[in-house]
Amino acid sequence: MDENTALKKMFEVGDFEITPCDDNYKDNRFKKLDLDSSQKAKMSMLASQIPSFMASDALSNAYTLKFPKGISGTLMKYKDGGVGSAVLGEKGIVAHASFHEMSTYSSMLGAFSVMSVATGQFFLTEINNNLQIINKKIDQIMDFLYGEKKAELIAEVSFVKNAYLSFSSIMRHAEQRIATITSLQSAQKIAMKDIEFYLTDLNSKVESQHKSYNDFTSATYEAFRAKGCLELSVQLYALSNIMEVYFAQNTDADYLQNLKNNMLQYINKCDKIILSDFSNLNGQNNRFKPGLINKIDTAPLDKRLSEVVNSLNNGENSRMHNIIDSSISALTEAAEYKITKQGDVYIMNI
């Protein structure tokens, strides 16, 4: 089909529209996408073609000039004011440039690809900023990690963080993107194994017998450490699942719904176990009574344990639920963009 027909089909099947806009993208409803110079050039090209397309449905007699690789010089000028394809160097004609008809259709596809990648990077940044533990520096994470899972957990967290930071670049290289998706699937499995390891270890701290309050206090602080490792493992599990979707760009509705359901069910299970274990520890702490000889102050530990129990009872886990829900929904919900002539792109907050 010709370009005119292809463009009309794109609008019909893609269910989108392009309309003129003012500069109201500068208010708080819109956020600027982070584009590199190449991406901005593609968006600027589309923006320059839109007025002509809107007026005549397609560009006509518009061409892109491409110089041969490694050749520099100026085009031969004609007396009538036009230019030819001959490239003039210091010693005369050194090569011939080629003219390629500009395609609004291909420009639009290229721009959509740019917006898709930039939007993915934008939402991954939003997600990462909300995952407080995984967003810490590696040396800070190492301070509370322990056990045989420490090395592999650090390795997977480092990989996922680097993949997130390099999202835009990796998306432009198909083989690297496929390899990254495979590694993210591996990270999901490792995260689940680590979650189960730390859940078991947490329970062992809760169920252990304590000869003294000092022993109980020591075991409880180890339980807090296990909880920190658990939370990191859960965030790694969630982020690696979400990143796989963004790298694969799989927006099949059934797939996304099943993924979201499985993630939420598994995280709910973890939250319930943590709540049960820390409620148990809180109860044990309350059963210790100060004696005439050994004065025991259970208040400091009671405060910390109560904070954990209350936060889980009051829906602190809804933060993770919101992250999962919003990140998956962003792939399927309608989005509004503002594109400037300079190639800047702004997205409306979802």
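Here the structure is a predicted model, which means the values were calculated and not measured.

Trainee: I'm lost on unusual backbone geometry in this one. Help?
Mentor: Across the chain, the bulk of peptide bonds are trans and the bulk of non-glycine residues have phi less than zero. You will see that Q249, though not glycine, has its phi angle at about 55°, which is positive. Position of Q249 relative to the elements: it lies in the loop between helix 8 (213-248) and helix 9 (253-287).

Trainee: I'm lost on the nonpolar core in this one. Help?
Mentor: The tendency in soluble globular proteins is for nonpolar side chains to be buried as a group. Ranked by size, the top nonpolar core spans 60 residues in total, and within it L124, L145, I195, M243, F247 and F278 carry the most contacts. Mapped onto this core, the elements with two or more residues apiece are helix 3 (104-130), helix 5 (150-165), helix 6 (167-170), helix 7 (174-207), helix 8, helix 9, helix 10 (299-313) and helix 11 (318-329). Here the element with the most residues in this core is helix 8; it accounts for 18 residues. With residues up to four places along the chain from it excluded, the contact list for F247 reads A163, F167, I170, M171, R177, T180, I181 and L184.

Trainee: Could you clarify how one ought to interpret the side chain of Q188 in this entry?
Mentor: Looking at the element boundaries, Q188 is found in helix 7. For Q188, a relative accessible area of 11% puts it in the buried group. Contacts of Q188, omitting those with residues within four sequence positions, involve Y237, S240, N241 and E244.

Trainee: So what exactly am I meant to see when it comes to the packing of helix 7 against helix 8 here?
Mentor: The geometry of a pair of packed helices is captured by two quantities: the angle between their axes and the separation between those axes. For the pair helix 7 and helix 8, interaxial distance at closest approach is 8 Å and the crossing angle is 160°. One way to sum up the angle between helix 7 and helix 8 is to call them roughly antiparallel. The handedness of the crossing between helix 7 and helix 8 comes out as left-handed. Taken together, the residues that form the contact of helix 7 with helix 8 break down as 20 nonpolar, 6 polar and 5 charged.

Trainee: When you look at the environment of L232 in this model, what are you seeing that I'm missing?
Mentor: Looking at where L232 falls in the secondary structure, it is placed in helix 8. Accessibility expressed as a relative area gives 0% for L232, which makes it buried. Distance in space between the C-alpha atoms of L232 and I195 is 8.8 Å, their sequence separation being 37 residues.

Definitions and cut-offs
- Residue indices follow the written sequence of each chain, beginning from 1 at its first position.
- Reporting in this predicted model follows two pLDDT cut-offs: at least 70 for local features of residues, and 80 or more for side-chain atom pairs to be given and counted; totals over whole chains, interfaces and linings ignore these cut-offs and use all residues.
- Calculation of side-chain values draws on the structure's entire complement of heavy atoms; hydrogens and water are dropped beforehand.
- Only DSSP runs of H or I with at least four residues qualify as helices, and only runs of E with at least two residues qualify as strands; both kinds are numbered from the N terminus onward.
- Nonpolar cores are built from buried Ala, Val, Leu, Ile, Met, Phe, Trp, Tyr and Cys residues. Side-chain atoms within 4.5 Å join them into one set.
- Exposed residues in this analysis have more than 50% of their type's maximum accessible area, buried residues have under 20%, and partly exposed residues fall in between, with area computed by a 1.4 Å probe over protein chains only.
- Contacts: residue pairs with any heavy atoms within 4.5 Å of one another.
- Note on geometry: axes are C-alpha line fits, over the in-contact stretch for helices, and angles between N-to-C directions span 0 to 180 degrees.
- Just so you know how the angles are binned, under 35 degrees is roughly parallel, over 145 roughly antiparallel, 65 to 115 roughly perpendicular, and the rest oblique.
- Put simply, a crossing is left-handed when the front helix is turned counterclockwise from the back one by less than a right angle, and right-handed when it is turned clockwise.
- Each residue is assigned to one class: nonpolar for Ala, Val, Leu, Ile, Met, Phe, Trp, Tyr, Cys and Pro, charged for Asp, Glu, Lys and Arg, and polar for all the others, Gly among them.

Function cannot be inferred from these measures alone, as they are strictly geometric.
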